[in-house]
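Overview (structure and organization)
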Amino acid sequence: MSKLTVYDMKGASTGEFDLPEAVLCLDRGEQAVHDAVTATRAAGRAGTASTLHKGEVAGSNKKPWRQKGTGRARAGLRQSPVWRGGGAAFGPKPRDYDKKVNRKVARLALRRAFSEKVAAGQIKVVEAFAVEVAKTRAFAAVLKALGVSAPALVVVGDAGQNILLASRNLARVEVVRGRDVNVYQLLRYPSVLVDRCGMAQIMERMGSKTEGAA
């Protein structure tokens, strides 16, 4: 059973969070992490790039000049890719870049990424995130009290309106719910703050319904 220190919003220790060893995984899952990150980044691609091939470029099919006798290379149509204004050869067309990741693979990837963060000491557990006013300075003061600087990922159980508004102007700080956080986000940020509710959601996604407490 691993333990993580729990802090309040002023940076004082309030107890410990118990992590069952069953959800931690450092001996396997590297390929699962690679697959999950690849799928996440691929899903972010718009896939809207589009070009015209020679059959789609406007123009007649008239031969520019006769086949022989001009001294120039043979030419069949002005829409040829070798001509300026012609079609693109093997150019991109709109496509879907989504990649499928099986449920068990996704769970293993989350366990591996989370376990690496725990092993590196890059996760801090907070009792609860709450700001009375939706002000950037209020949220920045909380991060400073916890000894965390950007870039940082903040995982909460319920992203209230005040938290979303207070954090959106902080550069390289991202707020996400525990049920939505992905492997790429965990690996991208060197500092991860998680409240108890967000931790419970992550634990459930990793295959444990036990919320740590001390």
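How each quantity is defined
Residues numbered from 1 in each chain as written. Predicted model: local features only at pLDDT ≥ 70, side-chain atom pairs only at ≥ 80, totals over all residues. Heavy atoms only, no water. Pairing = 2+ DSSP bridges. Helix = DSSP H or I, 4+ residues; strand = E, 2+ residues; numbered from the N terminus. Phe/Tyr/Trp six-rings, centres within 6.5 Å; stacked < 30°, edge-to-face > 60°. Lys NZ or Arg CZ within 6 Å of the ring centre and 35° of its normal. Axes fitted to C-alpha atoms, helices over the stretch in contact; angles between N-to-C directions. Contact = heavy atoms within 4.5 Å. Buried < 20%, exposed > 50% of the residue type's maximum accessible area, 1.4 Å probe, protein only. Polar contact = N/O pair within 3.5 Å; in protein donor to acceptor, adjacent residues only side chain to side chain.

**Digging into the pairing of strand S2 (residues 13-19)**
Relative to S2, strand S1 (residues 2-7) runs antiparallel, the two sharing six bridges. By the bridge assignment, Lys-3 is partnered in S2 with Asp-18. Counted between consecutive antiparallel strands, the loop separating S1 from S2 contains five residues, among which Gly-11 sits at a positive phi close to 90°.

**Considering the packing of aromatic side chains**
The relation between two aromatic rings is expressed through the spacing of the ring centres and the mutual angle of the planes. With the rule as written, the count across this model stands at two aromatic pairs. Over the face of the ring belonging to Trp-65 we find Arg-72, whose NZ or CZ atom lies 3.9 Å from the ring centre.

**Thoughts on the sheet that holds strand S4 (residues 152-156)**
One open sheet holds the six strands; their spatial order is S2-S1-S3-S6-S4-S5, and the pairing between them is mixed. Bordering the open sheet on either side are S2 and strand S5 (173-177), each of which pairs with just one other strand. The mean angle between the axes of side-by-side strands here comes to 30°, regardless of whether they run parallel or antiparallel. Contacting S1, S2, strand S3 (123-126) and strand S6 (191-195), helix H2 (residues 103-119) runs over the sheet at an angle of about 90° to S3. On top of the sheet, helix H3 (residues 136-145) reaches S4, S5 and S6; it is set at about 90° to S5, its chief contact.

**Remarks on the side chain of Asp-18**
Within the secondary structure, Asp-18 is located in strand S2. Classification of Asp-18 by relative accessible area gives buried; the value is 17%. Polar side-chain contacts of Asp-18 include one of 2.8 Å to the side chain of Lys-3.

**Details of the environment of Glu-174**
Considering the arrangement of structural elements, one finds Glu-174 in strand S5. Look at Glu-174 and you get partly exposed, because its relative accessible area is 24%. With ten residues separating them in the primary sequence, Glu-174 and Leu-164 have C-alpha atoms 9.2 Å apart. The residues contacting Glu-174, other than those within four sequence positions of it, are Ala-152, Leu-153, Val-154, Gln-185, Arg-188 and Tyr-189. A distance of 2.6 Å separates polar atoms of two side chains, one belonging to Glu-174 and the other to Gln-185.

**Details of the pairing of S3**
With two bridges connecting them, S1 and S3 associate as parallel partners. Residue pairing for S3: Tyr-7 is matched across the bridge by Val-126. One ladder, built from four bridges, connects S3 with S6; its direction is parallel. The partner of Val-126 across the bridge, within S6, is Asp-195.

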